[in-house]
Amino acid sequence: GAVVSQHPSRVICKSGTSVKIECRSLDFQATTMFWYRQFPKQSLMLMATSNEGSKATYEQGVEKDKFLINHASLTLSTLTVTSAHPEDSSFYICSARAQGWTEAFFGQGTRLTVV
Amino acid sequence: DQQVKQNSPSLSVQEGRISILNCDYTNSMFDYFLWYKKYPAEGPTFLISISSIKDKNEDGRFTVFLNKSAKHLSLHIVPSQPGDSAVYFCALQPSGTYKYIFGTGTRLKVLA
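Residues numbered from 1 in each chain as written. Chains lettered and ligands numbered in written order. Predicted model: local features only at pLDDT ≥ 70, side-chain atom pairs only at ≥ 80, totals over all residues. Heavy atoms only, no water.

Draft legend 1. Focus on the overall build of chain B. Looking only at helices and strands, chain B features zero helices and 11 strands. The helix and strand sequence of chain B, counted from the amino end, reads β-β-β-β-β-β-β-β-β-β-β. Over its C-alpha atoms chain B spans a radius of gyration of 13 Å, differing by no more than 12% from the 13 Å that the globule rule assigns to 112 residues. In terms of its C-alpha atoms, chain B occupies a principal-axis envelope of roughly 40 × 30 × 20 Å. A buried classification covers 45% of the 112 residues belonging to chain B. Partitioning the intrachain contacts of chain B with sequence separation of at least 6 by distance along the chain shows that 54% fall at a separation of at least 24. Of the roughly 5,500 Å² of accessible surface on chain B, a fraction of 49% belongs to carbon and sulfur atoms. When the 12 basic and 9 acidic side-chain charges of chain B are each reduced to a single mean position, those positions are 3 Å apart. (Helix = DSSP H or I, 4+ residues; strand = E, 2+ residues; numbered from the N terminus. Rg over C-alpha atoms; globule rule 2.2 N^0.38 Å. Buried < 20%, exposed > 50% of the residue type's maximum accessible area, 1.4 Å probe, protein only. Contact = heavy atoms within 4.5 Å. Areas by Shrake-Rupley, 256 points an atom, 1.4 Å probe, with all protein chains shown as cover. Lys, Arg positive; Asp, Glu negative; His and termini not counted. Charge placed at Lys NZ, Arg CZ, Asp CG, Glu CD.)

And the structure:
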């Protein structure tokens, strides 16, 4: 399968600071990338969809000013959690797909802990 | 309102036997149905998918069945191996989109 790399795998930050998470497709051009959030023992909830070069589409209830998504190239998307608070602590996962693909491939995930 | 449900949160199967994981959905139109396997603190790994125009797709030990009239999807793993122990999610792609709606997950434990 195709490889998606997500960095960092784990981050601890202080309340009020911002954190950037990177998602890279290593061996394909990702025309579409997705950001998910998973709470313990729950399913993956889609936060937003981003297409290269255009603004992200956010799911209902997701604050676009809090979760900034940039998909500036065909191999990189970033999620910035701005002014993080403890309730933002979660497991964030990105996925990516190329044009014409049915399946998307996932990164390893990022465990964010806000203290 | 959960559109996609996996009603069994957990399942234990003896090594060598068949594992059957189920997924039920409501109402919406979906183009593709996929199964992913996930270990703790890792991203999901793609296993197998099926188009809405088919009712069966097979890949090695994995077979996915789709019953559109019953709005039911299942994944069969045979023979089950201890390395199959993980959480399995079904993922459904709504028509006209590329995003997925994930099921609630089933934790499979294959006993040696």
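Once the structure has been displayed, the description carries forward.
Draft legend 2. Inspection of the nonpolar core at higher detail. Residues and elements named next belong to chain A. Counting residues in each nonpolar core, the largest one holds 28 residues, and the members touching the most others are Phe67 and Leu112. Residue assignment for this core shows that the elements contributing at least two residues are β2 (10-13), β3 (19-25), β4 (32-38), β5 (44-51), β7 (67-73), β8 (76-81), β9 (90-97) and β11 (110-114). If near-sequence neighbours (up to four positions away) are discounted, Phe67 is found in contact with Arg37, Met47, Tyr58, Val62, Leu79, Thr80, Val81, Asp88 and Tyr92. (Core = buried A, V, L, I, M, F, W, Y, C linked by side-chain atoms within 4.5 Å.)

Draft legend 3. Structural detail: the interface of chain A and chain B. Taken together, the 20 residues of chain A in the interface contact 17 residues of chain B. Note on chain A versus chain B: buried area summed over both sides is about 1,500 Å², and carbon and sulfur give 61% of it. When the area that chain A buries against chain B is broken down by residue, the three leading residues are Ser43, Thr102 and Phe106 of chain A, summing to 31%. Linking chain A with chain B are one salt bridge, by the criterion used here. Between Lys99 of chain B and Glu59 of chain A there is a salt bridge whose closest N-O contact spans 3.2 Å. Counting every contact that joins chain A to chain B gives eight residue pairs in polar contact (both at pLDDT 80 or more). For the side of chain A that touches chain B, the secondary structure elements donating two or more residues are β4, β5, β9 and β10 (105-106) of chain A. Looking at the side of chain A that touches chain B residue by residue, the class counts come to nine nonpolar, eight polar and three charged. (Buried area = accessible area lost by both parts, 1.4 Å probe. Salt bridge = Lys/Arg side-chain N within 4 Å of Asp/Glu carboxyl O. Polar contact = N/O pair within 3.5 Å; in protein donor to acceptor, adjacent residues only side chain to side chain. Nonpolar A, V, L, I, M, F, W, Y, C, P; charged D, E, K, R; others polar.)

Draft legend 4. Quick look at the packing of aromatic side chains. Evaluated as defined, the whole model comprises 16 aromatic pairs over all chains. Centre to centre, the rings of Tyr100 of chain B and Phe102 of chain B are 6.1 Å apart; their planes meet at 70 degrees, and the pair counts as edge-to-face. Residue class for Phe102 of chain B comes out buried when judged on its relative accessible area of 3%. Site record: aromatic cluster; members linked through ring pairs are Phe28, Tyr36, Trp101, Phe105 and Phe106 of chain A together with Tyr36, Phe46, Phe89, Tyr100 and Phe102 of chain B. Cation over ring: Arg97 of chain A sits above Tyr98 of chain B, and NZ or CZ is 3.6 Å from the ring centre. (Phe/Tyr/Trp six-rings, centres within 6.5 Å; stacked < 30°, edge-to-face > 60°. Lys NZ or Arg CZ within 6 Å of the ring centre and 35° of its normal.)

Draft legend 5. Up close: the state of the cysteines. For the coordinates displayed, the defined rule picks out two disulfides over all chains. The residue that forms a disulfide with Cys23 of chain A is Cys94 of chain A, at a sulfur-sulfur distance of 2.0 Å. The chirality of the disulfide connecting Cys23 of chain A with Cys94 of chain A is right-handed, given an S-S dihedral of about 80 degrees. Residue Cys23 of chain A is located in strand β3, and its partner Cys94 of chain A is located in strand β9; the two are separated by 71 residues in the primary sequence. Residue class for Cys23 of chain A comes out buried when judged on its relative accessible area of 0%. Here Cys23 of chain B pairs with Cys90 of chain B through a disulfide, and the sulfurs are 2.0 Å apart. Note on the Cys23 of chain B and Cys90 of chain B pair: the S-S dihedral is about 70 degrees, so by sign convention the disulfide is right-handed. Of this pair, Cys23 of chain B sits in strand β3 (residues 19-25) while Cys90 of chain B sits in strand β9 (residues 86-94), placing them 67 residues apart in sequence. Comparing Cys23 of chain B with Cys90 of chain B shows no difference in burial state: the two are buried. (Disulfide = S-S within 2.5 Å.)

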